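Analysis of the macromolecular model
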Amino acid sequence: MIEKTYAVLRLHYSMDGAEQVLCPVVLFGAEDTVLVDCGYPDSLEQLEEALRACGVEARDLTKLVLTHQDDDHMGAAAALKAKYPALQVLASPEEAPYIEGRKKNLRLQQAEALQDLLPEERKTWGERFCRRLRLLQGVPVDGLIREGDIFDWGGGCRVLATPGHTPGHLSLVFSHEEFCVTGDAAVLESNGLSVANPGFCLDLREAERSLRRLQDLPSARYICYHGGILEMQALPLDFPSGT
């Protein structure tokens, strides 16, 4: 019997009148069940249901990898950790102080700096966005992970530094280049990989370099948090939910 190595979740949100689907990933290891990113605040129940639908109880998660500090990636982390305190939260050294709330969220700093530059018809939206980020609850980071760290999750993976969207953004690349979890270093648009929200990248040139680094991988599949799965070659039809 072939053991499942990973599963892709789909979390559905309506934000400012627009529908969003976010794709956290569950990775299975010899001793760990790892969730990569966890959705917006106030969506723990939806996250638990999505996990259950792929055969995982939230209480069985051992680690939560946060690719970066944005609220759609770490928003549910504090509630998840509060309900399941044995869960270990992992992030890069650069992102950890912002995820914990020891430093002011960089996306909030950016949004506040841009508020006066918004056209009048967008200022209300900008104020709501800033308010949302001010309410974002930090979560303690239990361990730091960096470029080159190797784990047995998902059949074996290594950590790849993909800065630009935020300074310490991380992606994960899996054994034999079978697949890659991009976080926000790449989004799936028009059947290809693109920089996520270029206007909001904290360092666009760095983000473009990180995107090229991902594109240069011989990965068979890219799992994008926004946009879903990009197939680079024919694979078994049941591969999105793990094999």
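Conventions we followed
- Residues numbered from 1 in each chain as written.
- Predicted model: local features only at pLDDT ≥ 70, side-chain atom pairs only at ≥ 80, totals over all residues.
- Heavy atoms only, no water.
- Helix = DSSP H or I, 4+ residues; strand = E, 2+ residues; numbered from the N terminus.
- Rg over C-alpha atoms; globule rule 2.2 N^0.38 Å.
- Buried < 20%, exposed > 50% of the residue type's maximum accessible area, 1.4 Å probe, protein only.
- Contact = heavy atoms within 4.5 Å.
- Areas by Shrake-Rupley, 256 points an atom, 1.4 Å probe, with all protein chains shown as cover.
- Lys, Arg positive; Asp, Glu negative; His and termini not counted.
- Charge placed at Lys NZ, Arg CZ, Asp CG, Glu CD.
- Pairing = 2+ DSSP bridges.
- Arc of directions from axis to C-beta.

Let's shift gears to the overall build of the protein chain. Along its length, the protein chain carries seven helices and 16 strands. The C-alpha radius of gyration computed for the protein chain amounts to 17 Å, which stays within 12% of the reference 18 Å derived for 243 residues, consistent with globular compactness. Projected onto the principal axes, the alpha-carbon positions of the protein chain cover approximately 60 × 40 × 35 Å. Among the 243 residues that make up the protein chain, the fraction classed as buried is 55%. Here the contacts in the protein chain between residues at least 6 apart in sequence split such that 63% fall between residues at least 24 apart. Within the structure as shown, the protein chain displays about 11500 Å² of accessible surface, and the carbon and sulfur contribution to it stands at 50%. Distance between charge centroids for the protein chain: 4 Å, based on 24 positive and 37 negative side chains.

On to the environment of leucine 22, then. In this structure, leucine 22 sits in strand E3 (residues 18-22). Between the alpha carbons of leucine 22 and aspartate 72 there is a distance of 8.1 Å; along the sequence they are 50 residues apart. When sequence neighbours within four positions are dropped, the list of residues in contact with leucine 22 reads Leu9, Arg10, Leu11, Tyr13, Gly39, Tyr40, Asp72, Tyr225 and His226.

Glancing now at the pairing of strand E11 (residues 170-174). Taking burial as the measure, the five residues of E11 include five buried ones, the bulk of the element. Burial along E11 is two-sided: the face carrying Leu170, Leu172 and Phe174 and the face carrying Ser171 and Val173 are both buried. Examined bridge by bridge, E11 and strand E12 (residues 180-183) share two bridges and lie antiparallel to one another. Looking at the pairing, valine 173 lines up with cysteine 180 of E12. With antiparallel pairing between neighbouring strands as the criterion, E11 and E12 make up a hairpin whose turn holds five residues, including histidine 176 at a positive phi of roughly 60 degrees.

Looking now at helix H1 (residues 44-53). All buried positions along H1 are accounted for by Leu44, Leu47, Glu48, Ala50 and Leu51. Mapping the buried residues of H1 onto a view down its axis gives an arc of 165 degrees, with all of them on the same face. Turned more than 90 degrees away from the buried face of H1 sit Glu45 and Ala53, all of them exposed. On the buried face of H1, the contacting elements are strand E2 (11-15), strand E4 (25-28), strand E5 (33-36) and helix H3 (77-83). Looking one or two residues beyond H1, the residue adopting positive phi is glycine 55, at roughly 85 degrees.

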